[in-house]
Amino acid sequence: MRRSSGAVCHQDPRTCEVPASAKPHVWPDDITKWPVCTEQTRNNHTGHKHMDCDIKGRPCCIGTKGRCEITTREYCTFMHGYFHEEATLCSQVHCLDQVCGLLPFLNPDVPDQFYRLWLSLFLHAGLLHCLVSVVFQMTVLRDLEKLAGWLRISIIYILSGITGNLASALFLPYRAEVGPAGSQFGLLACLFVELFQGWQMLEKPWKAFLKLLGIVLFLFLCGMLPWIDNIAHIFGFLSGLLLSFSFLPYVTFGSFDQIRKRVLIIFSLLGFLGLFSSLIVWFYFYPIHWHWLEHLTCLPFTSKFCEKYDIDHLVH
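None of the values given here were measured: they were computed from a predicted structure.

A.B. asks: Is there a simple way to explain the pairing of strand E4 (residues 67–71) in this structure?
C.D. replies: Regular strands show a simple pattern: their side chains alternate between the two faces of the sheet. Both strand E3 (residues 58–62) and E4 contribute to a ladder of 5 bridges, which runs antiparallel. Residue pairing across strands places Pro59 opposite Ile70, the latter belonging to E4. Counted between consecutive antiparallel strands, the loop separating E3 from E4 contains 4 residues, among which Gly63 sits at a positive phi close to 80 degrees.

Shown next, in the form of structure tokens:
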């Protein structure tokens, strides 16, 4: 078989014995599809310069975005990367496997680990992160459970978190993130819905509304700082708002108000299903790239403010 692809240091189908390039398993002409050669021919000199040379550069996985470079071991260690001694091409390694851990991908080119969308809600990036979640749950979450019941709040908590994580995976790809940020903002949306439902029973509803609004806006502004996922906050809040109108108990004032709130429940459910379905379609079937959304999670106040977050400062 005559090949059009060039030579690769220490990688050649003519000298590899395991896996051997023989019918029906002939190595493809595209070198990006070559397997890792686990056993070379035992001859010290093959007669090919690219096989007899001393190789020092191998694939190195750097950062949390799945970036791969052919580097020396020393440079890879300096960059705190993962050096692949067994491989010769970046196409032979899957860097996100080392970043995310857990089970390997069945197909590296197709996202097939849907369980990460809810599993990450119960993981934290350290003791302080976990402490913040516990304090939030012992204050806001506990009061909402007493008010609406554990089942309703559980549905809102889990689905808001999944929606927030799905949006984050879509609009902020290649970033390893954990925590129930979307779920927590979904519960904040519950407080707004409880306020709207009991608006007529409160003495000063506008005061309570402005207080809640100030808290949420402050948290959204904090989400503009590096390494805080504001996309999960925003979509968790939107889904929590729709789910709260759908599942929280309500008080009616007359037959017209009862019909209005039942219609609101139907439209809220349809709105959530539309939002969630759109994210699923965009993530799995028709990917979209709205780069300007990156600035909602880290606003570049200076040229280097979001440097470690790897955000493109040019709004497309």
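A.B. asks: When you look at the nonpolar core in this model, what are you seeing that I'm missing?
C.D. replies: Soluble globular proteins tend to bury their nonpolar side chains together. Counting residues in each nonpolar core, the largest one holds 25 residues, and the members touching the most others are Ile153, Leu187, Phe237 and Leu248. Those elements that place two or more of their residues in this core are helix H5 (127–148), helix H6 (150–171), helix H7 (181–197), helix H8 (205–222) and helix H9 (230–247). For this core, the element with the highest residue contribution is H7, accounting for 8 residues. Residues within four places of Ile153 in sequence aside, it is in contact with Leu141, Leu144, Glu145, Ala148, Leu187 and Leu248. Counting 14 residues, the second largest nonpolar core, distinct from the first, contains Leu117, Ile162, Leu172 and Phe235.

A.B. asks: Just to check I follow, could you spell out the state of the cysteines for this structure?
C.D. replies: Here the structure, examined in full by the defined rule, presents 4 disulfides. Across a sulfur-sulfur distance of 2.1 Å, Cys16 and Cys37 are joined as a disulfide pair. A torsion of 110 degrees about the S-S bond marks the disulfide between Cys16 and Cys37 as right-handed. Taken together, the residues span a long stretch of sequence, with Cys16 in strand E1 (residues 16–18) and Cys37 in the loop between E1 and strand E2 (39–40) at a distance of 21 residues. Accessibility assignment for this pair places Cys16 and Cys37 in one class, buried.

A.B. asks: Before we go on, may I ask you to explain the pairing of E3 in this structure?
C.D. replies: Of all 5 residues in E3, 5 are buried; the element is thus mostly enclosed. In terms of strand pairing, E3 meets strand E5 (residues 82–83) through 2 bridges, oriented antiparallel. By the bridge assignment for E5, Cys60 is matched with Phe83.

A.B. asks: Looking at this model, I keep getting lost on the pattern of salt bridges. Mind explaining?
C.D. replies: In a structure, side chains of opposite charge can pair up when their charged atoms sit close to one another. Within the structure shown, the criterion is met by 3 salt bridges. Two residues, Glu85 and Arg58, come together in a salt bridge whose shortest N-O distance is 3.5 Å. One end of the pair, Glu85, is in the loop between E5 and helix H3 (95–100); the other, Arg58, is in strand E3, and 27 residues separate them in sequence. The class for Glu85 is partly exposed, based on a relative accessible area of 41%.

A.B. asks: Is there a simple way to think about the side chain of Asp229 in this case?
C.D. replies: Note that Asp229 resides in the loop between H8 and H9. There is a polar contact of 2.5 Å between the side chain of Asp229 and the side chain of Ser168. Polar side-chain contacts of Asp229 include one of 3.3 Å to the backbone nitrogen of Ala232. Setting aside residues no more than four positions away along its own chain, Asp229 makes contact with Ser168, Leu172, Glu177 and Thr297.

A.B. asks: How should I be thinking about the packing of H6 against H9 in this particular structure?
C.D. replies: Each pair of packed helices gets described by two things: the angle between the helix axes and the distance between those axes. Their axes nearest at 8 Å, the elements H6 and H9 cross at an angle of 145 degrees. You can see that H6 and H9 cross each other, and the crossing is right-handed. Only Ile231, Ala232, Phe235, Gly236, Ser239, Gly240, Leu243, Ser244 and Phe247 of H9 make contact with H6, whose side of the interface consists of Arg152, Ile155, Ile156, Leu159, Ser160, Thr163, Gly164, Ala167, Ser168 and Phe171.

A.B. asks: I tried to follow unusual backbone geometry on my own but got confused; where do I start?
C.D. replies: For residues other than glycine, phi is negative in most cases, and the peptide bonds are mostly trans. Pro24 follows Lys23 through a cis peptide bond whose omega is 5 degrees. The residue Pro24 is located in the loop between E1 and E2 in this model.

A.B. asks: Just to check I follow, could you spell out the packing of H5 against H6 for this structure?
C.D. replies: Interaxial distance between H5 and H6 falls to 7 Å at its minimum, and their mutual angle equals 130 degrees. Classified by the angle between their axes, H5 and H6 sit oblique to one another. Between H5 and H6, the residues in contact are Gln137, Leu141, Leu144, Glu145 and Ala148 and Trp150, Arg152, Ile153 and Tyr157, respectively. Of the residues that constitute the contact of H5 with H6, the class distribution is 6 nonpolar, 1 polar and 2 charged.

Cut-offs applied
Residues numbered from 1 in each chain as written. Predicted model: local features only at pLDDT ≥ 70, side-chain atom pairs only at ≥ 80, totals over all residues. Heavy atoms only, no water. Pairing = 2+ DSSP bridges. Helix = DSSP H or I, 4+ residues; strand = E, 2+ residues; numbered from the N terminus. Core = buried A, V, L, I, M, F, W, Y, C linked by side-chain atoms within 4.5 Å. Buried < 20%, exposed > 50% of the residue type's maximum accessible area, 1.4 Å probe, protein only. Contact = heavy atoms within 4.5 Å. Disulfide = S-S within 2.5 Å. Salt bridge = Lys/Arg side-chain N within 4 Å of Asp/Glu carboxyl O. Polar contact = N/O pair within 3.5 Å; in protein donor to acceptor, adjacent residues only side chain to side chain. Axes fitted to C-alpha atoms, helices over the stretch in contact; angles between N-to-C directions. Left-handed = near helix turned anticlockwise from the far one by under 90°. Parallel < 35°, antiparallel > 145°, perpendicular 65-115°, else oblique. Nonpolar A, V, L, I, M, F, W, Y, C, P; charged D, E, K, R; others polar.

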